[in-house]
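# Inside the fold
So the chains spell out like this:
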Amino acid sequence: MEERGGPGRYGPVLAKVREELDEVEEAMKRVEDGRYGRCEACGSTISAEELDASPLARRCLACS
Ligand SMILES: [Zn+2]
């Protein structure tokens, strides 16, 4: 039974948005801490190209 237009229809979408928002907040914290753009696994710098492609990347290509 499908709930058309009800909140249930958007629940999964909103959960995904919430998740993305958390990712963004996490990235902002890394900017404040000066950790943004650094791989959290090996500590090496994530390339600008990589950050352009995925600004929320936490790991370099080798570690992701
Ligand atoms: Zn790495």
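To be clear, the structure that these remarks concern was listed above.
Conventions we followed
- Residues numbered from 1 in each chain as written.
- Predicted model: local features only at pLDDT ≥ 70, side-chain atom pairs only at ≥ 80, totals over all residues.
- Helix = DSSP H or I, 4+ residues; strand = E, 2+ residues; numbered from the N terminus.
- Buried ≥ 20, exposed ≤ 12 C-beta atoms within 10 Å, placed from the backbone.

### Some remarks on the overall build of the protein
Summing up its helical and strand segments, the protein has 2 helices and 0 strands in all. When burial is assessed residue by residue, the protein has 3% of its 64 residues classed as buried.

### Here's the deal with the environment of Glu50
Locating Glu50 in the fold gives a position in helix H2 (residues 48-53). Since 17 C-beta atoms lie within 10 Å of it, Glu50 is described here as partly exposed. On a C-alpha basis, the gap between Glu50 and Cys60 in space is 7.9 Å, while along the polypeptide they are 10 residues apart.

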